[in-house]
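Reading the structure
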Amino acid sequence: MVNSLAPFVPSRPEVVKRMLEIAYVGPKDIVIDLGCGDGRILIAAVKDFGADKAIGYEMRKDLYKQTLNDIERQNLEDKITLINDDLLKADLSQATVITLYLTTSGNERLKPKLENESKNRSRIVSHDFSITGWNPSMKEEFSSHSIYLYIMPESSAKKESNPRFRYKYFRHQASKIQRYFSKN
Ligand SMILES: C[S@@+](CC[C@H](N)C(=O)[O-])C[C@H]1O[C@@H](n2cnc3c(N)ncnc32)[C@H](O)[C@@H]1O
């Protein structure tokens, strides 16, 4: 039995776009949406941002089937993998970008997994809900929503640092990060 960490509430298209922009998603990225709903983040990542691959975990069979049909209709089967299972069992080893739209308590359940399994230099983008105790590299208020960006492992480190500086640095380093992932 899978425990729900959030109800299905789709991110608005402009918020999806902004989440992927903030994370600088590009052709070297493998994007994982944990609780992917109707797959809109996955589809935008590969179609609009040219991500190499996108992987979605969704517990609801109806949404999984609907999204799978949509992916097939758009001939995106080579680019998008959909898994009808608990996001707490997700394989994060490939992900360079992880997207979340859960709840504060859902993020709390997921936090140890993100700390232990997310790849070095991966970016975690969370819609509306922060990850308690972590330092976001940036937080943006956008279209009445909040978007949090965490860069691993620094954002999960306990010590304080200047988050703005880290995002400025990240933007500066974005192309280097892309190159890093192309070799690893
Ligand atoms: C708020 S919706 C977000 C959908 C999509 N990520 C978006 O931003 O449009 C959260 C989704 O997570 C799914 N979900 C909740 N708990 C889950 C779990 N333990 N495993 C897999 N999916 C889960 C829900 O069914 C729902 O579709």
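Data block above holds the structure.
A few points on the structure. (Residues numbered from 1 in each chain as written. Predicted model: local features only at pLDDT ≥ 70, side-chain atom pairs only at ≥ 80, totals over all residues.)

**Considerations on helix H1 (residues 13–22)**
Test applied: Counts of 20 or more other C-beta atoms within 10 Å of a residue's own C-beta define buried residues, counts of 12 or fewer define exposed ones, and intermediate counts define partly exposed ones; C-beta atoms are placed from the backbone. Secondary structure elements follow DSSP: runs of H or I no shorter than four residues count as helices, runs of E no shorter than two count as strands, and numbering proceeds from the N terminus. Of all possible arcs, the one meant is that of the directions from the helix axis to the C-beta atoms. Contact definition: two residues whose C-beta atoms, as placed from backbone geometry, lie within 7 Å.
Where H1 is concerned, the buried positions are Val15, Val16, Met19, Leu20 and Ile22. The arc enclosing the buried residues of H1, seen along the axis, measures out at 165°, which places them on a common side. For H1, the exposed residues lying more than 90 degrees away from the buried face are Pro13 and Glu14. Among the structural elements, helix H2 (40–47), strand S4 (97–100), strand S5 (123–127), strand S6 (138–142) and strand S7 (145–151) are those in contact with the buried residues of H1. A positive backbone phi angle near 55° is found at Tyr24, which sits one or two residues after H1.

**Some remarks on the site of the ligand**
The cut-off we apply is this: For each residue, a C-beta atom is placed from the backbone, and the residue is labelled near a molecule or strand when this atom is within 6 Å of it. Three classes are used, and their members are as follows: Ala, Val, Leu, Ile, Met, Phe, Trp, Tyr, Cys and Pro are nonpolar, Asp, Glu, Lys and Arg are charged, and the others, Gly among them, are polar.
The full set close to the ligand counts 25 residues, and Ser11, Gly35, Gly37, Met59 and Tyr101 are the nearest of them. When its residues are assigned to classes, the shell around the ligand shows 14 nonpolar, six polar and five charged.

**Looking at H2**
With six of its eight residues buried, H2 lies for the most part within the structure. Every buried residue of H2 is listed here: Ile41, Leu42, Ile43, Ala44, Ala45 and Val46. Residues of H2 that are buried make contact with H1, strand S1 (30–34), strand S2 (53–57), strand S3 (80–83) and S4.

**Quick word on the pairing of S7**
This is how the line gets drawn: Think of it this way: DSSP has to see at least two bridges between two strands before they count as a pair.
With respect to burial, S7 is a largely interior element, five of its seven residues being buried. Strand direction decides the pairing type here: S5 and S7, joined by five bridges, are antiparallel. Across the sheet, residue Ser126 finds its bridge partner in S7, namely Tyr148. Where S6 lies against S7, five bridges are found, and the strand directions are antiparallel. Paired with Phe142 across the two strands is His145, which belongs to S7.

**Some details on unusual backbone geometry**
The amide bond that connects Met152 to the next residue, Pro153, takes the cis arrangement and shows omega of 5°. With respect to the secondary-structure elements, Pro153 resides in the loop between S7 and helix H5 (163–183). Non-glycine residue Arg121 carries a positive phi angle of around 75°. Position of Arg121 among the secondary structure elements: in the loop between helix H4 (104–117) and S5. Here Arg121 falls in the partly exposed class, since 17 other C-beta atoms lie within 10 Å of it.

**Here we look at the nonpolar core**
To keep it simple, the criterion reads: A set of buried residues qualifies as a nonpolar core if it consists of Ala, Val, Leu, Ile, Met, Phe, Trp, Tyr and Cys joined through C-beta atoms within 7 Å.
Of all hydrophobic cores here, the largest spans 49 residues; its most connected members are Val31, Leu42 and Ala45. Not counting the four nearest positions on each side in its chain, Val31 is found in contact with Val25, Leu42, Ala45, Ala51, Ala54, Val97 and Thr99.

**Some points on the environment of His145**
Within the fold, His145 resides in strand S7. For the pair formed by His145 and Phe129, sequence separation is 16 residues and the distance between their alpha carbons is 9.6 Å. Those residues within four positions of His145 in sequence are excluded, and the remaining contacts are Val15, His127 and Asp128.

**Topic: the sheet that holds S3**
Rule in force here: Fitted lines through C-alpha atoms serve as axes, helices being fitted only where they are in contact, and the angles separating the N-to-C directions of these axes extend from 0 to 180 degrees.
Ordered in space as S3-S2-S1-S4-S5-S7-S6, the seven strands form an open sheet in which the pairing is mixed. The open sheet has two edge strands, S3 and S6, and neither has a second partner. Neighbour-to-neighbour, the strand axes of the sheet open up by a mean angle of 15°, direction not taken into account. Summarising the sheet, S1 and S4 pair through four bridges and their orientation is parallel. Across the sheet, Leu34 pairs through a bridge with Leu100, a residue of S4.

**Things to note about the packing of H1 against H2**
The condition is simple: Every angle not falling under 35 degrees, over 145, or within 65 to 115 is termed oblique; those three ranges are roughly parallel, roughly antiparallel and roughly perpendicular. Crossing handedness follows the turn of the near helix against the far one: under a right angle anticlockwise gives a left-handed crossing, and clockwise gives a right-handed one.
Packing of H1 against H2 leaves a shortest axis separation of 10 Å and a crossing angle of 55°. Between H1 and H2, the interaxial angle falls into the category oblique. Along this stretch, H1 crosses H2, giving a crossing that reads as right-handed. Where H1 approaches H2, its residues Val16, Lys17 and Leu20 are matched on the opposing element by Arg40, Ile41, Ala44 and Ala45. Here the residues of the contact of H1 with H2 are counted per class, giving five nonpolar, no polar and two charged.

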